There are 4 protein chains.
Amino acid sequence: MRTLIKNGTIITAIDEFVGDVLIEGEKIVAVGTKLDAIADEIVDAKGKYVLPGGVDQHVHYSFEFKGERVRGFETSNAAVAGGTTTVVEFVNQEQGKGMADTIFDMDKKEVSNQAMADYSYHAVVCDPVDATFEEINDLPSKGISTVKLFMAYKGMPFHSDDEALYKALKSAKEAGVTVMVHCENADVIDLLQKKMISEGKTDPYYHAVSRPERVELEATQRVINLAAMVGAPVYIVHVTAESVMESIRSAKNEGLPVYGETCVQYLMLDEDDLAKPNFEGAKYVMSPALRTKSDQEALWQAVDNGWLNAISTDHCGFDWKSQKHMGVNDFTNIPNGAPGVENRLGILWTYGVNTGKLSKQRFVDLFATTPAKNMGLDHCKGHIGVGMDADIVIYDPNGSSVISNENSLHGVDYSTFEGYKQDGKVAKVFLRGKLVVDEGAFIGEKGDGKFIPGKPFALC
Amino acid sequence: MRTLIKNGTIITAIDEFVGDVLIEGEKIVAVGTKLDAIADEIVDAKGKYVLPGGVDQHVHYSFEFKGERVRGFETSNAAVAGGTTTVVEFVNQEQGKGMADTIFDMDKKEVSNQAMADYSYHAVVCDPVDATFEEINDLPSKGISTVKLFMAYKGMPFHSDDEALYKALKSAKEAGVTVMVHCENADVIDLLQKKMISEGKTDPYYHAVSRPERVELEATQRVINLAAMVGAPVYIVHVTAESVMESIRSAKNEGLPVYGETCVQYLMLDEDDLAKPNFEGAKYVMSPALRTKSDQEALWQAVDNGWLNAISTDHCGFDWKSQKHMGVNDFTNIPNGAPGVENRLGILWTYGVNTGKLSKQRFVDLFATTPAKNMGLDHCKGHIGVGMDADIVIYDPNGSSVISNENSLHGVDYSTFEGYKQDGKVAKVFLRGKLVVDEGAFIGEKGDGKFIPGKPFALC
Amino acid sequence: MRTLIKNGTIITAIDEFVGDVLIEGEKIVAVGTKLDAIADEIVDAKGKYVLPGGVDQHVHYSFEFKGERVRGFETSNAAVAGGTTTVVEFVNQEQGKGMADTIFDMDKKEVSNQAMADYSYHAVVCDPVDATFEEINDLPSKGISTVKLFMAYKGMPFHSDDEALYKALKSAKEAGVTVMVHCENADVIDLLQKKMISEGKTDPYYHAVSRPERVELEATQRVINLAAMVGAPVYIVHVTAESVMESIRSAKNEGLPVYGETCVQYLMLDEDDLAKPNFEGAKYVMSPALRTKSDQEALWQAVDNGWLNAISTDHCGFDWKSQKHMGVNDFTNIPNGAPGVENRLGILWTYGVNTGKLSKQRFVDLFATTPAKNMGLDHCKGHIGVGMDADIVIYDPNGSSVISNENSLHGVDYSTFEGYKQDGKVAKVFLRGKLVVDEGAFIGEKGDGKFIPGKPFALC
Amino acid sequence: MRTLIKNGTIITAIDEFVGDVLIEGEKIVAVGTKLDAIADEIVDAKGKYVLPGGVDQHVHYSFEFKGERVRGFETSNAAVAGGTTTVVEFVNQEQGKGMADTIFDMDKKEVSNQAMADYSYHAVVCDPVDATFEEINDLPSKGISTVKLFMAYKGMPFHSDDEALYKALKSAKEAGVTVMVHCENADVIDLLQKKMISEGKTDPYYHAVSRPERVELEATQRVINLAAMVGAPVYIVHVTAESVMESIRSAKNEGLPVYGETCVQYLMLDEDDLAKPNFEGAKYVMSPALRTKSDQEALWQAVDNGWLNAISTDHCGFDWKSQKHMGVNDFTNIPNGAPGVENRLGILWTYGVNTGKLSKQRFVDLFATTPAKNMGLDHCKGHIGVGMDADIVIYDPNGSSVISNENSLHGVDYSTFEGYKQDGKVAKVFLRGKLVVDEGAFIGEKGDGKFIPGKPFALC
Ligand SMILES: [Zn+2]
Ligand SMILES: [Zn+2]
Ligand SMILES: [Zn+2]
Ligand SMILES: [Zn+2]
Ligand SMILES: [Zn+2]
Ligand SMILES: [Zn+2]
Ligand SMILES: [Zn+2]
Ligand SMILES: [Zn+2]
């Protein structure tokens, strides 16, 4: 069966034209005009944009923080309703267990039967024994081509020291696995947290004070040096500050394979949000912390110029009432993270494309095309092109609405972007050719999402 | 009539897939697979690459130097045979005459009836009176959206001082015209030339000594500052040196709309070529001068990373015997420039793609896609996409040959890349749907090439 | 006769101690304690600072602007009363006359018999013929070891183009002469001035608008490149802006012999002063123009760190009423420059030393020691050391006063720093051993000042 | 009793003149000419240089490495014979004992009665408990105003992690204590050492391979970030590489109080020395490791320009035969360090001053004046000035010799600079007015050296 999405304005990372997309089964088989003759069914997209389904390379559907766990893949319809058809999940290795085993046990148990978006996995190194670093060599054969390490979070199992980082980079380089790093200096944060608490500074705002920009800058420079010694590529996640971005850019200018992403919230929110009264600030407790308006501007410029190459969400669904409130008397107990996977397209379209900060091409690149490349998923994801999976968003640019948690599917009791205006809306979404959003409503099913193996050597 | 180029490996600036391109009349109407049913004729491209026709944004078919004139559009079949289907020609304004009038009088007289490639024009400011700067406002309506100024060449009509540069940038900004600049300090070159000649240093090699890297660096920094004061974009042509590239990159990092290209020869040749005995060096007399091997490496890295965004040829067809020899006793009389339009694809494929310095995507971007954008031609040129002109190169990667002037069409008595190996060959070229190269041989006709108007605001 | 200045706190560029200075004739013969036995006369300096007499490397006692001339050496007692015992005067070459002849004719006529401070000369290239550049070789033998060129002031005789700059740098390098450059892009200023006037923007404030920071930055980068090509040192006068200072610092970091000064007014005043109503702004019309408070901070940091190595005054005594008012309807006719030679010590002490921005050592270095070195005068000037000229200031740090033109000796009808507080005061000044200021009053005579030849190769 | 050193060429950090130095007791009381009348005794220095006694801010007379201990203060006559009259010793805190107690117990036991040079102390943090960081506040009152931490040496007691660094910086900032840091990434070195040994790469040369430049660069950037967060000054010891120096310079350009020294060996030797056969390379095993000739050039430029502000020796006297040979089968067991305190003046004079790399003033500044300032010793050390300690070197510039261990006093069985030529020689040395070297021979006694307390807030 061949479906023709007809007369839409098709946007890729490099072009824009009115035309048709022909889908056969799960794949795009042609892009053009005058293709009616070879189509069985026609979907009219006139006056609408036809975009590749988004790839969010940074989500958390299984993260735990001091015993609290985020909403899982049973809420992944939120991603799809928001135009993101592929998510890449970080899975923390269980102590004493292999990374792949941790991942695929979880996959079997709670992902493959629940996922409503396609998905891939990052392995998070939590047990820094030799076997773990050796296992990195085997990951690509199982479709896992990225590992992540956390430089922050002193004392937690997922914290990595320089030895672990170096060993991971070493193995990864040989295996073609990309190392992603959460860059913050763990020791300094630990000291500043203790200082804050000892001084009675327990409010959410002190989260930011306890992890200033330089803790991120230091760790970023450190891992760039480690990667340079190994000769390995490295990917810096969730860059929040101009100085950090400049470190990455300088490294690239030196010829080093150093890359980074930022996230929607770092482009839109700032430390003032953390200062909101009545524990509202807790909604914005995430790491690294929100920065300043001047950093926002620098980050918009950075994504526009390619100094950072993806905009993710770091989606992390903790409830405010039942979970964030753990830290009501001590910000260090507030689970870190905020939801956002549902709003990425709408926010970037409204505040990026419609303000002129990003061209539509650049938006598509940051939203889908380059994240797919970064993850080794570009053989099938991230682009409206021949042979690609038919993951397609029909975006109706008309009208506008207000983001409200009531209308959200993410299963969390608050929305990070509550009250923000959104221009246009996701009208339809196809996931590998299947219509899963229609007239703005999710109509897919649990299990529609499929594991997509990532290929190695994506950033070499 | 619909022609289907079938089963080729199609390369765009962002993807690569085996598929078909469907042409109707002058346009590409679809890209996909399984399109046979709607095609009238089929061209088999199996095992070959299907590339967009090249766009060379920097050629000289009408340049004069001390009374000597280059080969004109009657040799533009060389471009096409080499896979370049669109060239952009610099036309020096005649004194006392409007830029557009100069261009279109020439167009009528010697271009429209001769051209075998499509073409567009840059207006070169030579008569820096107020009327000239005012005319810049009218150029886009005539399809001219770039002007060029020369900071070098003291005493020649096409030399511009800072006043002219500033005025041009000012008008251009308002009109959406891009200012392109040849950056070299005219005063210093003039002094050094006189010094060389007075010391009896008359050989071609002293051409390089008389225009060292810093003359280019200084002028580049100067025009960046001028453009920044005006708030205008500026495009630096033929960047030859690492330091110059770094100036452009720094300006971009500051947020300024500053861009630059390099040329094939600066990636491949160096000052040693200028030192060849028996006046062979004269073949390589061009401005700016050839630099060092270390600059070559920096430039390859720059084009790969997008710090420079196009690779042109600065094609300039002077004969060695009858024309370059004017300067046999005085290098300052050697006409500046060298031919190259025919070899751009072959050289970049062989020494860029096949050495791993450029991905095939990046090659296409630098060879066709971004030059088309820079010139305001991307509405129809530079990309294998729906609605684009059917300018298509079928490149057969098999086999290799040696570049030799005997086999060249450029009408010049020497080849800049004589003896260089070339992997693969141009098998077929379509120009707006018409087959103009077949089995490697040019089969088009004079007049096949058409003027393509450039749209303004390309780099804003 | 031996005079002992006793028990003062002696400050040099590297130390500070309570002790005595022994003077014999014109020279310092010893520095120490317990020297009474070998002294004939004792001057008590207890509780006061003993400083080297200041060296102001940048003053104008003979400048003309559109026919108007500044106050001359008959007002040089102002320098001395303000603690500056040596000034270096810029003498514009007369057309068709040698630089040395211009200087020494003037010296005879109006300097040697008038000067109350010691003085040296800079030769300003105004007639860029070959003979002028050749003459540079002879200057050191006549005690002239610096030449100056103006990149600004299009159309005026003292404007220099790149050819003149290059030739001057070339000759100067061989002769060991230091080239000093006033860096502003003449063409752009000329265009912006015409634009302002044509738009009716005639007030003094538009002086700043017509010569923005980038005109200074551009010219600075240009001359750095020219000097680098020649391999000559270059000294950038009156740096006003952070960006310009950074250019100089970067050049130094590259290993180039590039140096610069700033002036008191750029540390203290800003563009708001130019906006003062009732033509008061004209008092602050000088070139380059005053900048912003943020530039002031950057410049204080720069002098503290040695990124700039002297603080001069660019003293230029035009009357407000009779001379600055020439430009009452057209700011381009306002003579450029402002007086300040009398206030350098007081202002830098009060706003530099007493605010902690400069140590006393650093102050002495910027006020006297390094300017003397820059000028080739350090064989006798700028330092309280054995064998040096006995140019000594006894500064009483107690009390404070307000700067007022009434109390000034500079012969101009306004003071640039009117109303500014000054901590302490100049109590006594010795000029080559002669007491010329006592109890704060000038008691010297015309002709006390002597020409001090500058030695070549000061900055090599 | 007053002694007059007469007619020498006196060099300070800013001047040079022929004159006399008058000593009374331990102090310099006057500098001048014609002081015979007030002197009791005259020492003729005609034709010789009169220099301040050197201050070596970085020596090890008590260092232990895997149970082996260096030669102690009983060999400090070597320093004096080499023109260094003050040394600053690093004392590793004993576990469970206060830093001051460790220092002064040692002082009593083996320093005060042995020292032949004046000395001061750095406290090395080895027991990172709270009491240690609190003790930092008390150190200045005991004359200890610097603490040192080692980022290298994983697993050894003197290794510090980021927590210790941060805490030390915090306390030090308040106390005015300067933190000095040995910057190398401990984890990476540890991994690379194990790798080398496991691969059978046991020769001294692999010492350098196991601690590449980037381990130093990384740690330097890290501690700069930590210091910036605290707002504390930081002093980077023994900078070996251009990149590291550039990091320090950039930090300074940002306005941060970051400083650094290099050592004689990093200016003179390189990794080739480590490759010498027959275990000769072990003589050059020190940390950080020797680098390249290109780094040497960058370091010469850095000290000349003040980007680094002292040249120390990191003197460390291990015997080659009995001690270095511990590591004959495993370079990680070679005690780190090399002797050099005796050769600093001779080497810097010969290869710095006499080659034109350093002016004599700059040499004095790097050798004595600024080290004294860095250490808070400038109230009495580092300068030939009134009121200073009469620590004076009379250097005879005539003749030359060859450095040979036979003629050395350092008590070690090899000389780091064996065979290097030395121009001139130390003729006489006065230590606080006492003649301790005469005709090149040491004539002082054990116990002549005195503890000199350092004042706090030296680098604030
Ligand atoms: Zn994270
Ligand atoms: Zn995350
Ligand atoms: Zn050109
Ligand atoms: Zn050209
Ligand atoms: Zn000036
Ligand atoms: Zn001036
Ligand atoms: Zn060390
Ligand atoms: Zn040491």
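Residues numbered from 1 in each chain as written. Chains lettered and ligands numbered in written order. Predicted model: local features only at pLDDT ≥ 70, side-chain atom pairs only at ≥ 80, totals over all residues. Heavy atoms only, no water.

J.: Any chance you could explain the relation of the copies chain A and chain D here in plain terms?
T.: Each of the two chain copies goes to the other by way of a rotation about an axis and a shift along it. Mapping chain A onto chain D calls for a screw motion: a turn of 180° about the axis and a shift of 0.0 Å along it, with 0.0 Å RMSD after fitting. A rotation of that kind, with that shift, is consistent with a two-fold axis. Of the interface residues in chain A, 100% have counterparts in chain D that sit at the interface too, so the contact is made through matching surfaces. (Least-squares fit on C-alpha atoms with pLDDT ≥ 70 in both. Contact = heavy atoms within 4.5 Å.)

J.: What's the story with the pattern of salt bridges in this structure? I'm lost.
T.: A side chain of one charge can pair with a side chain of the opposite charge when the charged atoms of the two come close. By the definition in use, this model includes 152 salt bridges over all chains. Residue K6 of chain D pairs with D36 of chain D through a salt bridge whose shortest N-O separation is 3.0 Å. One end of the pair, K6 of chain D, is in strand β1 (residues 2-11); the other, D36 of chain D, is in the loop between β3 (27-32) and β4 (41-44), and 30 residues separate them in sequence. Across the salt bridge formed by R432 of chain D and D118 of chain D, the nearest N and O atoms sit 2.5 Å from each other. Residue R432 of chain D is located in the loop between β19 (421-431) and β20 (434-438), and its partner D118 of chain D is located in strand β10 (residues 118-124); the two are separated by 314 residues in the primary sequence. Here R432 of chain D and D118 of chain D have matching classes, each one buried. What emerges from the salt-bridge pattern is a single network uniting E26, K27, D118, K381, D389, D391, R432 and K450 of chain A. (Salt bridge = Lys/Arg side-chain N within 4 Å of Asp/Glu carboxyl O. Helix = DSSP H or I, 4+ residues; strand = E, 2+ residues; numbered from the N terminus. Buried < 20%, exposed > 50% of the residue type's maximum accessible area, 1.4 Å probe, protein only.)

J.: Help me understand the packing of helix α4 (residues 162-175) of chain C against helix α7 (residues 213-230) of chain C, please; the structure alone is not making it clear to me.
T.: Relative placement of two packed helices is described by the angle separating their axes and the distance separating the axes. Residue and element names in this part refer to chain C. Where α4 contacts α7, the two axes come as close as 9 Å, and the packing angle between them is 40°. With respect to α7, the element α4 is oriented oblique. As α4 runs across α7, the sense of the crossing is right-handed. From α4, D162, L165, Y166, L169, K170 and K173 reach across to α7, where they touch R222, V223, L226, A227, M229 and V230. Among the residues forming the contact of α4 with α7, the class breakdown is eight nonpolar, no polar and four charged. (Axes fitted to C-alpha atoms, helices over the stretch in contact; angles between N-to-C directions. Parallel < 35°, antiparallel > 145°, perpendicular 65-115°, else oblique. Left-handed = near helix turned anticlockwise from the far one by under 90°. Nonpolar A, V, L, I, M, F, W, Y, C, P; charged D, E, K, R; others polar.)

J.: Just to check I follow, could you spell out the nonpolar core for this structure?
T.: One recurring pattern in soluble globular proteins is that nonpolar side chains are buried together. If you look at the biggest cluster of nonpolar residues, it comprises 143 residues, and the most contacted ones within it are L51, Y121, I136, L345 and F363 of chain B. Here this core gets eight residues from one element, more than from any other, and that element is helix α7 (residues 213-230) of chain B. Ignoring anything within four residues of it in the chain, the contact list for L345 of chain B reads L51, G82, G83, F363, F367, V393, Y395 and V426 of chain B. In this structure, V70 of chain B together with L274, L299 and Y414 of chain C belong to the second largest nonpolar core, which totals 142 residues. (Core = buried A, V, L, I, M, F, W, Y, C linked by side-chain atoms within 4.5 Å.)

J.: How should the coordination of the zinc ion (ligand 4) be read in this particular structure?
T.: When a metal carries six donors in an octahedron, the ideal angles between them are 90 or 180 degrees, while four donors in a tetrahedron ideally lie at 109.5 degrees. Around the zinc ion (ligand 4), the protein contributes the donor atoms H58 of chain B (NE2), H60 of chain B (NE2) and D314 of chain B (OD), which lie 2.0 to 2.1 Å from the metal centre. Spacing between the donor residues of the zinc ion (ligand 4) along their common chain follows H-x1-H-x253-D. (Donors = N, O, S within 2.8 Å, 3.2 Å for Na, K, Ca; no water.)

J.: Just to check I follow, could you spell out the coordination of the zinc ion (ligand 5) for this structure?
T.: All names here are of chain C. Donor atoms from the polypeptide that coordinate the zinc ion (ligand 5) comprise H182 (ND1) and H238 (NE2), at 2.0 to 2.1 Å from the metal. Between the zinc ion (ligand 5) and the zinc ion (ligand 6) there is a metal-metal distance of 3.5 Å. Taken as a pair, H182 in strand β12 (residues 178-182) and H238 in the loop between β13 (234-236) and α8 (242-253) lie far apart in primary sequence, 56 residues in all. There is no split in this pair, since H182 and H238 are both buried.

J.: Help me understand the interface of chain A and chain B in this model?
T.: A common way to state how big an interface is: give the accessible area lost once the parts meet. Contacts between the two partners involve 27 residues from chain A, matched on the other side by 27 residues from chain B. Across the chain A/chain B interface, buried area totals approximately 2,200 Å², and carbon plus sulfur atoms make up 55% of it. Of all residues in chain A, the largest losses of buried area upon contact with chain B belong to I14, N253 and V386 of chain A, amounting jointly to 28% of the total for that side. Connecting chain A to chain B are two salt bridges. Between E24 of chain A and K34 of chain B there is a salt bridge, and its shortest N-O distance comes to 2.5 Å. Where chain A meets chain B, there are seven residue pairs in polar contact (both at pLDDT 80 or more). For the side of chain A that touches chain B, the leading source of residues is strand β3 (residues 27-32) of chain A, giving four residues. Here the residues of the side of chain A that touches chain B are counted per class, giving eleven nonpolar, eight polar and eight charged. Two strands pair when backbone bridges link them, and β3 of chain A and strand β3 (residues 27-32) of chain B are joined in this way by three bridges, in the antiparallel orientation. (Buried area = accessible area lost by both parts, 1.4 Å probe. Polar contact = N/O pair within 3.5 Å; in protein donor to acceptor, adjacent residues only side chain to side chain. Pairing = 2+ DSSP bridges.)

Geometric descriptors of this kind do not, in isolation, establish any biological role.
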